[in-house]
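Descriptive structure summary
Residues per chain are reported as follows:
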Amino acid sequence: MSLPLLTSAPGKVIIFGEHSAVFNEPAIAASVASLRTYLFVTKAEDSDVIELDFPDISLDHKWHSAELSSISMAAMADSDKHSKELNAELNAALEPLLKPLHGSLQYHAAYCFLYLYFSLCGLRTGVKFTVKSSSPIGAGLGSSASIAVCLALATGKLGGHLNSAPERLTKQELDFVNKWSFIGEKCIHGTPSGIDNAVATYGNAVLFQRQANGETKSEQILDFPQVPMILTNTRIPRSTKVLVSGVKDLIVRQPEIAHPILKTMGQVASRGAKILANLNETNYADLCELIRINHGLLVALGVSHPGLEVIKALADSMSIGSTKLTGAGGGGCALTILNSNASPEDIAKFKDTLETKHSYKTYVTGLGGPGCAYMAKGQIQNHLDLIRPLFETNASVSELNDVLLPGKGPLQWIH
Ligand SMILES: Nc1ncnc2c1ncn2[C@@H]1O[C@H](COP(=O)(O)OP(=O)(O)O)[C@@H](O)[C@H]1O
Ligand SMILES: C[C@@](O)(CCOP(=O)(O)O)CC(=O)O
Ligand SMILES: [Mg+2]
(Lines give C-alpha, C1' and ligand atoms only; values in the text may rest on other atoms or scores of the structure.)
(Ligands and ions follow the chains in the order given, each with its own letter.)
Protein backbone atom coordinates (compact mmCIF):
# COMPACT_ATOMS: atom_id res chain seq x y z
CA MET A 1 0.00 0.00 0.00
CA SER A 2 1.26 3.47 -0.78
CA LEU A 3 1.60 6.51 1.48
CA PRO A 4 0.15 8.26 3.42
CA LEU A 5 -1.13 5.69 5.87
CA LEU A 6 -2.98 6.19 9.15
CA THR A 7 -3.56 3.46 11.73
CA SER A 8 -4.98 3.41 15.24
CA ALA A 9 -5.42 1.04 18.17
CA PRO A 10 -6.95 1.33 21.66
CA GLY A 11 -5.53 1.03 25.14
CA LYS A 12 -7.01 -1.43 27.63
CA VAL A 13 -7.94 -2.05 31.21
CA ILE A 14 -7.14 -5.41 32.78
CA ILE A 15 -10.08 -6.23 35.04
CA PHE A 16 -8.64 -9.48 36.43
CA GLY A 17 -5.38 -11.36 36.03
CA GLU A 18 -2.44 -9.05 35.25
CA HIS A 19 0.91 -10.76 35.87
CA SER A 20 -0.69 -14.20 36.37
CA ALA A 21 -1.63 -13.95 32.64
CA VAL A 22 2.09 -14.16 31.84
CA PHE A 23 2.15 -17.55 33.62
CA ASN A 24 -0.69 -19.08 31.59
CA GLU A 25 -3.53 -18.21 33.93
CA PRO A 26 -6.80 -16.79 32.53
CA ALA A 27 -7.29 -13.02 32.57
CA ILE A 28 -9.93 -10.51 31.47
CA ALA A 29 -9.30 -7.18 29.77
CA ALA A 30 -11.42 -4.64 27.91
CA SER A 31 -10.42 -1.97 25.42
CA VAL A 32 -10.82 1.65 26.44
CA ALA A 33 -12.81 3.56 23.87
CA SER A 34 -11.29 7.02 24.31
CA LEU A 35 -7.63 6.18 24.91
CA ARG A 36 -6.04 5.42 21.55
CA THR A 37 -2.72 5.58 19.76
CA TYR A 38 -2.53 7.00 16.22
CA LEU A 39 0.28 6.37 13.71
CA PHE A 40 0.71 8.51 10.60
CA VAL A 41 3.11 7.20 7.95
CA THR A 42 4.20 9.71 5.31
CA LYS A 43 6.95 10.22 2.75
CA ALA A 44 10.09 11.48 4.47
CA GLU A 45 11.51 14.74 3.10
CA ASP A 46 14.79 12.92 2.48
CA SER A 47 14.28 9.81 0.35
CA ASP A 48 17.46 8.32 1.83
CA VAL A 49 16.20 7.98 5.41
CA ILE A 50 13.84 6.07 7.65
CA GLU A 51 12.55 8.56 10.19
CA LEU A 52 10.82 8.07 13.52
CA ASP A 53 9.02 10.93 15.20
CA PHE A 54 7.62 9.80 18.57
CA PRO A 55 7.01 13.15 20.33
CA ASP A 56 5.20 11.53 23.29
CA ILE A 57 8.54 10.09 24.40
CA SER A 58 10.73 12.85 22.87
CA LEU A 59 12.20 10.56 20.24
CA ASP A 60 13.02 11.93 16.80
CA HIS A 61 15.56 9.78 14.99
CA LYS A 62 16.65 9.20 11.41
CA TRP A 63 18.55 6.26 10.01
CA HIS A 64 20.32 6.86 6.68
CA SER A 65 20.54 4.09 4.09
CA ALA A 66 24.31 3.86 4.63
CA GLU A 67 23.62 2.79 8.23
CA LEU A 68 21.42 -0.09 7.10
CA SER A 69 24.31 -2.19 5.80
CA SER A 70 24.14 -4.46 8.88
CA ILE A 71 20.62 -5.55 7.84
CA SER A 72 21.20 -8.41 5.46
CA MET A 73 18.51 -10.13 3.46
CA ALA A 74 19.31 -13.21 5.55
CA ALA A 75 18.45 -11.38 8.77
CA MET A 76 15.07 -10.38 7.36
CA ALA A 77 14.40 -13.65 5.57
CA ASP A 78 11.86 -16.12 6.88
CA SER A 79 10.60 -13.50 9.27
CA ASP A 80 7.38 -15.44 9.52
CA LYS A 81 9.24 -18.33 11.11
CA HIS A 82 10.21 -16.00 13.90
CA SER A 83 6.76 -14.74 14.68
CA LYS A 84 6.76 -16.47 18.08
CA GLU A 85 10.36 -15.96 19.13
CA LEU A 86 12.56 -13.00 18.31
CA ASN A 87 14.96 -13.61 15.43
CA ALA A 88 18.49 -13.62 16.89
CA GLU A 89 20.06 -12.73 13.56
CA LEU A 90 17.84 -9.69 13.11
CA ASN A 91 18.44 -8.67 16.75
CA ALA A 92 22.20 -8.71 16.18
CA ALA A 93 21.81 -6.71 12.96
CA LEU A 94 19.70 -4.07 14.76
CA GLU A 95 22.31 -3.54 17.48
CA PRO A 96 24.38 -0.91 15.59
CA LEU A 97 21.23 0.98 14.63
CA LEU A 98 20.01 1.08 18.22
CA LYS A 99 23.39 1.93 19.75
CA PRO A 100 22.73 5.70 19.99
CA LEU A 101 19.59 4.98 22.04
CA HIS A 102 21.11 2.43 24.45
CA GLY A 103 20.15 3.01 28.09
CA SER A 104 17.38 5.47 27.17
CA LEU A 105 13.63 5.08 27.63
CA GLN A 106 13.24 5.43 23.88
CA TYR A 107 15.32 2.33 23.14
CA HIS A 108 12.46 -0.18 23.36
CA ALA A 109 10.06 1.85 21.21
CA ALA A 110 12.73 2.20 18.50
CA TYR A 111 13.59 -1.50 18.79
CA CYS A 112 9.92 -2.46 18.36
CA PHE A 113 9.65 -0.21 15.31
CA LEU A 114 12.86 -1.40 13.61
CA TYR A 115 12.09 -5.07 14.27
CA LEU A 116 8.61 -4.86 12.73
CA TYR A 117 9.71 -2.55 9.92
CA PHE A 118 12.55 -4.74 8.64
CA SER A 119 10.55 -7.94 9.18
CA LEU A 120 7.55 -6.70 7.20
CA CYS A 121 8.76 -3.92 4.87
CA GLY A 122 12.37 -4.79 4.04
CA LEU A 123 14.96 -2.11 3.34
CA ARG A 124 12.75 0.60 1.86
CA THR A 125 13.77 4.18 2.78
CA GLY A 126 12.01 7.55 2.36
CA VAL A 127 9.38 6.93 5.04
CA LYS A 128 8.50 8.78 8.21
CA PHE A 129 6.52 7.27 11.11
CA THR A 130 4.86 9.74 13.50
CA VAL A 131 3.01 8.46 16.59
CA LYS A 132 0.66 10.35 18.92
CA SER A 133 -1.26 8.81 21.73
CA SER A 134 -4.26 10.02 23.68
CA SER A 135 -3.47 7.38 26.30
CA PRO A 136 -0.97 7.94 29.12
CA ILE A 137 2.29 6.11 28.47
CA GLY A 138 3.73 3.64 30.97
CA ALA A 139 0.62 3.87 33.17
CA GLY A 140 -0.78 0.34 32.93
CA LEU A 141 -3.28 1.12 30.16
CA GLY A 142 -1.49 -0.80 27.43
CA SER A 143 0.18 1.98 25.43
CA SER A 144 2.99 -0.43 24.49
CA ALA A 145 0.51 -2.86 22.94
CA SER A 146 -1.41 -0.11 21.16
CA ILE A 147 1.74 1.28 19.53
CA ALA A 148 2.83 -2.27 18.62
CA VAL A 149 -0.59 -2.88 17.00
CA CYS A 150 -0.46 0.43 15.09
CA LEU A 151 3.02 -0.47 13.84
CA ALA A 152 2.11 -4.07 12.94
CA LEU A 153 -0.94 -2.89 10.98
CA ALA A 154 0.95 -0.10 9.19
CA THR A 155 4.06 -2.13 8.36
CA GLY A 156 1.85 -5.07 7.38
CA LYS A 157 -0.02 -2.80 4.94
CA LEU A 158 3.10 -1.04 3.66
CA GLY A 159 4.85 -4.37 3.13
CA GLY A 160 1.87 -5.66 1.12
CA HIS A 161 0.83 -8.36 3.64
CA LEU A 162 -2.64 -6.99 4.40
CA ASN A 163 -4.45 -6.00 1.28
CA SER A 164 -7.09 -8.68 0.86
CA ALA A 165 -10.28 -6.66 1.34
CA PRO A 166 -10.48 -2.91 0.75
CA GLU A 167 -13.57 -2.36 2.89
CA ARG A 168 -12.61 -4.13 6.13
CA LEU A 169 -9.91 -6.01 8.02
CA THR A 170 -10.54 -9.72 7.66
CA LYS A 171 -10.20 -12.21 10.51
CA GLN A 172 -6.96 -13.47 8.95
CA GLU A 173 -5.60 -9.94 8.74
CA LEU A 174 -6.48 -9.25 12.36
CA ASP A 175 -4.75 -12.50 13.33
CA PHE A 176 -1.67 -11.31 11.42
CA VAL A 177 -1.72 -7.96 13.29
CA ASN A 178 -2.18 -9.76 16.62
CA LYS A 179 0.75 -12.09 15.88
CA TRP A 180 3.15 -9.31 14.90
CA SER A 181 2.08 -6.90 17.63
CA PHE A 182 2.87 -9.65 20.13
CA ILE A 183 6.40 -9.68 18.69
CA GLY A 184 6.43 -5.88 19.05
CA GLU A 185 5.38 -6.21 22.72
CA LYS A 186 8.23 -8.69 23.17
CA CYS A 187 10.67 -6.04 21.95
CA ILE A 188 9.22 -3.55 24.46
CA HIS A 189 8.90 -5.70 27.52
CA GLY A 190 10.41 -9.13 27.12
CA THR A 191 7.77 -11.68 28.08
CA PRO A 192 4.28 -10.34 27.41
CA SER A 193 1.29 -12.60 27.93
CA GLY A 194 -0.32 -11.32 24.72
CA ILE A 195 -3.52 -10.09 26.39
CA ASP A 196 -2.83 -6.40 25.73
CA ASN A 197 -2.12 -6.77 22.02
CA ALA A 198 -5.13 -9.11 21.65
CA VAL A 199 -7.47 -6.45 23.06
CA ALA A 200 -5.80 -3.64 21.08
CA THR A 201 -6.16 -5.71 17.88
CA TYR A 202 -9.65 -7.19 18.21
CA GLY A 203 -11.22 -4.58 20.53
CA ASN A 204 -14.19 -5.21 22.84
CA ALA A 205 -13.19 -7.38 25.78
CA VAL A 206 -11.50 -10.76 26.00
CA LEU A 207 -11.17 -13.70 28.32
CA PHE A 208 -7.59 -14.62 27.53
CA GLN A 209 -5.32 -17.52 28.38
CA ARG A 210 -1.84 -18.31 27.25
CA GLN A 211 -1.27 -22.04 26.67
CA ALA A 212 1.77 -24.03 27.74
CA ASN A 213 2.82 -24.43 24.07
CA GLY A 214 2.89 -20.65 23.59
CA GLU A 215 -0.40 -20.53 21.67
CA THR A 216 -3.09 -18.22 23.03
CA LYS A 217 -6.79 -18.70 23.53
CA SER A 218 -8.88 -15.56 23.56
CA GLU A 219 -12.61 -15.54 23.76
CA GLN A 220 -14.29 -12.28 22.74
CA ILE A 221 -16.77 -10.88 25.26
CA LEU A 222 -18.99 -8.81 22.99
CA ASP A 223 -21.53 -7.47 25.49
CA PHE A 224 -19.12 -6.39 28.17
CA PRO A 225 -21.24 -4.83 30.92
CA GLN A 226 -20.64 -1.11 31.53
CA VAL A 227 -19.46 -1.56 35.10
CA PRO A 228 -19.45 1.88 36.78
CA MET A 229 -15.80 2.58 37.54
CA ILE A 230 -13.25 5.31 37.99
CA LEU A 231 -9.77 4.89 36.59
CA THR A 232 -7.10 6.81 38.45
CA ASN A 233 -3.62 7.48 37.13
CA THR A 234 -1.14 8.15 39.94
CA ARG A 235 1.25 9.49 37.26
CA ILE A 236 3.97 7.55 39.09
CA PRO A 237 6.25 6.27 36.31
CA ARG A 238 7.15 2.62 36.09
CA SER A 239 8.15 0.04 33.52
CA THR A 240 6.22 -3.13 32.72
CA LYS A 241 9.48 -4.85 31.77
CA VAL A 242 10.97 -4.25 35.24
CA LEU A 243 7.80 -5.28 37.10
CA VAL A 244 7.28 -8.46 35.07
CA SER A 245 10.87 -9.52 35.65
CA GLY A 246 10.45 -8.76 39.39
CA VAL A 247 7.60 -11.29 39.55
CA LYS A 248 9.75 -13.83 37.73
CA ASP A 249 12.49 -13.35 40.33
CA LEU A 250 9.98 -13.81 43.15
CA ILE A 251 8.86 -17.11 41.62
CA VAL A 252 12.49 -18.28 41.53
CA ARG A 253 13.06 -17.26 45.17
CA GLN A 254 9.69 -18.45 46.60
CA PRO A 255 8.20 -20.98 44.17
CA GLU A 256 5.98 -22.76 46.73
CA ILE A 257 4.43 -19.47 47.72
CA ALA A 258 4.30 -17.61 44.40
CA HIS A 259 2.79 -20.44 42.30
CA PRO A 260 -0.34 -20.80 44.46
CA ILE A 261 -0.81 -17.00 44.38
CA LEU A 262 -0.74 -17.05 40.57
CA LYS A 263 -3.12 -20.03 40.49
CA THR A 264 -5.52 -18.23 42.82
CA MET A 265 -5.40 -15.17 40.57
CA GLY A 266 -6.43 -17.43 37.70
CA GLN A 267 -9.36 -18.68 39.81
CA VAL A 268 -10.37 -15.09 40.51
CA ALA A 269 -10.35 -14.31 36.77
CA SER A 270 -12.38 -17.43 35.89
CA ARG A 271 -14.95 -16.65 38.56
CA GLY A 272 -14.95 -12.99 37.47
CA ALA A 273 -15.67 -14.01 33.87
CA LYS A 274 -18.74 -15.97 34.99
CA ILE A 275 -20.05 -13.02 36.99
CA LEU A 276 -19.40 -10.53 34.18
CA ALA A 277 -21.27 -12.76 31.73
CA ASN A 278 -24.40 -12.36 33.84
CA LEU A 279 -23.87 -9.30 35.99
CA ASN A 280 -26.91 -8.40 38.09
CA GLU A 281 -27.89 -6.81 41.39
CA THR A 282 -27.35 -10.05 43.26
CA ASN A 283 -23.82 -10.88 42.12
CA TYR A 284 -22.48 -7.30 41.89
CA ALA A 285 -21.10 -7.53 45.44
CA ASP A 286 -19.23 -10.72 44.44
CA LEU A 287 -17.57 -8.84 41.58
CA CYS A 288 -16.45 -6.13 44.01
CA GLU A 289 -15.11 -8.76 46.37
CA LEU A 290 -13.06 -10.37 43.60
CA ILE A 291 -11.58 -6.96 42.75
CA ARG A 292 -10.47 -6.58 46.37
CA ILE A 293 -8.99 -10.10 46.45
CA ASN A 294 -7.16 -9.64 43.13
CA HIS A 295 -5.54 -6.46 44.42
CA GLY A 296 -4.45 -8.23 47.62
CA LEU A 297 -2.80 -10.97 45.57
CA LEU A 298 -0.99 -8.38 43.43
CA VAL A 299 0.24 -6.73 46.64
CA ALA A 300 1.57 -10.14 47.71
CA LEU A 301 3.47 -10.36 44.40
CA GLY A 302 5.13 -7.05 45.26
CA VAL A 303 3.75 -4.99 42.36
CA SER A 304 1.73 -2.37 44.22
CA HIS A 305 3.08 1.04 45.25
CA PRO A 306 2.29 3.36 48.18
CA GLY A 307 0.81 5.78 45.62
CA LEU A 308 -1.68 3.11 44.48
CA GLU A 309 -2.54 2.26 48.09
CA VAL A 310 -3.63 5.90 48.56
CA ILE A 311 -6.45 5.29 46.05
CA LYS A 312 -7.52 2.06 47.70
CA ALA A 313 -7.38 3.57 51.20
CA LEU A 314 -9.49 6.56 50.15
CA ALA A 315 -12.09 4.40 48.35
CA ASP A 316 -12.24 2.02 51.34
CA SER A 317 -12.51 4.78 53.91
CA MET A 318 -15.31 6.48 51.94
CA SER A 319 -16.99 3.06 51.31
CA ILE A 320 -17.31 4.12 47.71
CA GLY A 321 -16.19 0.94 45.95
CA SER A 322 -13.53 -1.73 45.44
CA THR A 323 -10.10 -0.88 44.10
CA LYS A 324 -7.33 -2.81 42.40
CA LEU A 325 -4.26 -1.75 40.49
CA THR A 326 -4.52 -2.39 36.77
CA GLY A 327 -1.72 -3.25 34.37
CA ALA A 328 1.74 -3.98 35.66
CA GLY A 329 1.41 -1.80 38.81
CA GLY A 330 4.39 -0.21 40.56
CA GLY A 331 2.67 3.16 39.93
CA GLY A 332 0.46 3.86 36.94
CA CYS A 333 -3.28 3.23 37.28
CA ALA A 334 -5.86 1.70 39.60
CA LEU A 335 -9.52 1.05 38.91
CA THR A 336 -12.29 1.54 41.45
CA ILE A 337 -15.53 -0.33 40.80
CA LEU A 338 -18.19 1.80 42.39
CA ASN A 339 -20.67 0.42 44.90
CA SER A 340 -24.20 0.51 43.55
CA ASN A 341 -25.20 2.95 46.32
CA ALA A 342 -22.23 5.34 45.88
CA SER A 343 -23.71 8.86 45.82
CA PRO A 344 -22.79 11.38 43.09
CA GLU A 345 -21.52 13.71 45.85
CA ASP A 346 -19.16 11.04 47.22
CA ILE A 347 -17.94 10.15 43.73
CA ALA A 348 -17.20 13.83 43.05
CA LYS A 349 -15.41 14.16 46.42
CA PHE A 350 -13.36 11.00 45.75
CA LYS A 351 -12.20 12.32 42.38
CA ASP A 352 -11.58 15.79 43.67
CA THR A 353 -9.43 14.55 46.57
CA LEU A 354 -7.32 12.39 44.24
CA GLU A 355 -6.86 15.22 41.78
CA THR A 356 -6.30 18.19 44.08
CA LYS A 357 -4.59 16.59 47.08
CA HIS A 358 -2.51 14.00 45.22
CA SER A 359 -2.29 15.48 41.69
CA TYR A 360 -3.62 12.23 40.23
CA LYS A 361 -5.73 12.16 37.08
CA THR A 362 -9.10 10.43 37.06
CA TYR A 363 -10.95 9.11 34.04
CA VAL A 364 -14.53 7.98 33.58
CA THR A 365 -14.52 6.11 30.29
CA GLY A 366 -16.51 3.48 28.48
CA LEU A 367 -15.04 -0.01 28.14
CA GLY A 368 -15.18 -2.29 25.14
CA GLY A 369 -14.71 -0.03 22.12
CA PRO A 370 -13.38 -0.93 18.66
CA GLY A 371 -9.98 -2.52 18.06
CA CYS A 372 -7.39 -1.57 15.48
CA ALA A 373 -8.34 0.41 12.39
CA TYR A 374 -6.85 2.18 9.39
CA MET A 375 -7.99 4.95 7.13
CA ALA A 376 -8.41 4.67 3.39
CA LYS A 377 -5.84 6.65 1.42
CA GLY A 378 -8.48 8.79 -0.33
CA GLN A 379 -10.03 9.75 3.00
CA ILE A 380 -6.63 10.81 4.35
CA GLN A 381 -5.85 12.84 1.25
CA ASN A 382 -9.22 14.61 1.33
CA HIS A 383 -8.65 15.61 4.95
CA LEU A 384 -4.91 16.25 5.06
CA ASP A 385 -5.58 19.78 6.29
CA LEU A 386 -7.27 18.29 9.39
CA ILE A 387 -4.90 15.37 9.92
CA ARG A 388 -1.43 16.76 9.24
CA PRO A 389 -1.43 19.49 11.93
CA LEU A 390 -2.32 16.88 14.58
CA PHE A 391 0.99 15.13 13.92
CA GLU A 392 3.12 18.16 13.08
CA THR A 393 2.17 20.45 15.95
CA ASN A 394 1.83 20.11 19.67
CA ALA A 395 -1.84 19.08 19.36
CA SER A 396 -3.58 18.27 22.66
CA VAL A 397 -5.23 14.95 23.47
CA SER A 398 -8.68 16.47 23.01
CA GLU A 399 -7.73 17.97 19.63
CA LEU A 400 -6.43 14.55 18.60
CA ASN A 401 -9.58 12.75 19.72
CA ASP A 402 -11.93 15.42 18.29
CA VAL A 403 -10.68 14.62 14.79
CA LEU A 404 -9.51 11.03 14.98
CA LEU A 405 -11.50 9.14 17.63
CA PRO A 406 -13.46 6.44 15.77
CA GLY A 407 -17.16 7.15 15.95
CA LYS A 408 -16.62 10.67 17.33
CA GLY A 409 -14.53 12.51 14.76
CA PRO A 410 -15.73 13.33 11.23
CA LEU A 411 -13.53 10.72 9.53
CA GLN A 412 -14.34 7.12 8.59
CA TRP A 413 -12.09 4.32 9.81
CA ILE A 414 -11.88 0.83 8.36
CA HIS A 415 -12.02 -1.92 11.00
N1 LIG B 1 2.85 7.03 22.03
C2 LIG B 1 3.99 6.39 22.16
N3 LIG B 1 5.11 6.84 21.52
C4 LIG B 1 6.27 6.17 21.64
N5 LIG B 1 6.46 5.06 22.40
C6 LIG B 1 5.42 4.57 23.06
C7 LIG B 1 4.14 5.19 22.97
N8 LIG B 1 3.29 4.47 23.71
C9 LIG B 1 4.02 3.46 24.25
N10 LIG B 1 5.29 3.50 23.87
C11 LIG B 1 6.34 2.54 24.27
O12 LIG B 1 5.81 1.71 25.30
C13 LIG B 1 6.53 1.88 26.55
C14 LIG B 1 5.58 1.82 27.72
O15 LIG B 1 5.10 0.50 27.81
P16 LIG B 1 4.79 -0.22 29.17
O17 LIG B 1 5.90 -0.05 30.15
O18 LIG B 1 4.38 -1.58 28.83
O19 LIG B 1 3.54 0.60 29.77
P20 LIG B 1 2.03 0.67 29.24
O21 LIG B 1 1.87 -0.36 28.18
O22 LIG B 1 1.21 0.36 30.45
O23 LIG B 1 1.77 2.07 28.80
C24 LIG B 1 7.21 3.25 26.39
O25 LIG B 1 8.38 3.34 27.20
C26 LIG B 1 7.54 3.23 24.90
O27 LIG B 1 8.67 2.45 24.65
C1 LIG C 1 1.69 -7.26 33.75
C2 LIG C 1 0.96 -7.64 32.47
O3 LIG C 1 0.00 -8.66 32.80
C4 LIG C 1 0.16 -6.46 31.91
C5 LIG C 1 1.01 -5.26 31.58
O6 LIG C 1 0.21 -4.18 31.12
P7 LIG C 1 0.81 -2.73 30.98
O8 LIG C 1 2.00 -2.78 30.09
O9 LIG C 1 1.21 -2.26 32.37
O10 LIG C 1 -0.30 -1.88 30.40
C11 LIG C 1 1.95 -8.18 31.46
C12 LIG C 1 1.32 -8.92 30.29
O13 LIG C 1 0.25 -9.53 30.47
O14 LIG C 1 1.93 -8.92 29.23
MG1 LIG D 1 2.57 -2.35 28.20
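Refer to the structure printed above.
Residues numbered from 1 in each chain as written. Chains lettered and ligands numbered in written order. Predicted model: local features only at pLDDT ≥ 70, side-chain atom pairs only at ≥ 80, totals over all residues. Heavy atoms only, no water.

Turning our eyes to something else, we now look at the site of ligand 1. Residues in contact with ligand 1 amount to 18 residues; listed here are only the nearest, Gly138, Gly140, Ser143, Ser144 and Thr240. At 3.0 Å from an oxygen atom of ligand 1 is found a side-chain nitrogen or oxygen belonging to Ser144. Against a free-state accessible area of 570 Å², the protein chains account for coverage of 93% of ligand 1. The dominant element in the shell around ligand 1, judged by the number of residues it contributes, is helix α4 (residues 143-158), at three residues. (Near = heavy atom within 4 Å. Polar contact = N/O pair within 3.5 Å; in protein donor to acceptor, adjacent residues only side chain to side chain. Areas by Shrake-Rupley, 256 points an atom, 1.4 Å probe, with all protein chains shown as cover. Helix = DSSP H or I, 4+ residues; strand = E, 2+ residues; numbered from the N terminus.)

This part covers the environment of Gly368. Turning to its location among the elements, Gly368 is positioned in the loop between β11 (361-363) and β12 (373-374). In the structure, Gly368 is positioned 26 residues away from Ala342 in sequence and 23 Å away in space, judged by C-alpha atoms. Those residues in contact with Gly368, other than ones at most four positions away along the chain, are Ala30, Ser31 and Asn204. (Contact = heavy atoms within 4.5 Å.)

With the rule as written, the count across this model stands at nine salt bridges. The salt bridge involving Lys171 is made with Asp175; its shortest N-O contact spans 2.8 Å. Separated by four residues within a single helix, Lys171 and Asp175 lie in helix α5 (residues 171-189), roughly one turn from each other. Of the residues examined, Lys171 reaches a relative accessible area of 57% and is grouped as exposed. (Salt bridge = Lys/Arg side-chain N within 4 Å of Asp/Glu carboxyl O. Buried < 20%, exposed > 50% of the residue type's maximum accessible area, 1.4 Å probe, protein only.)

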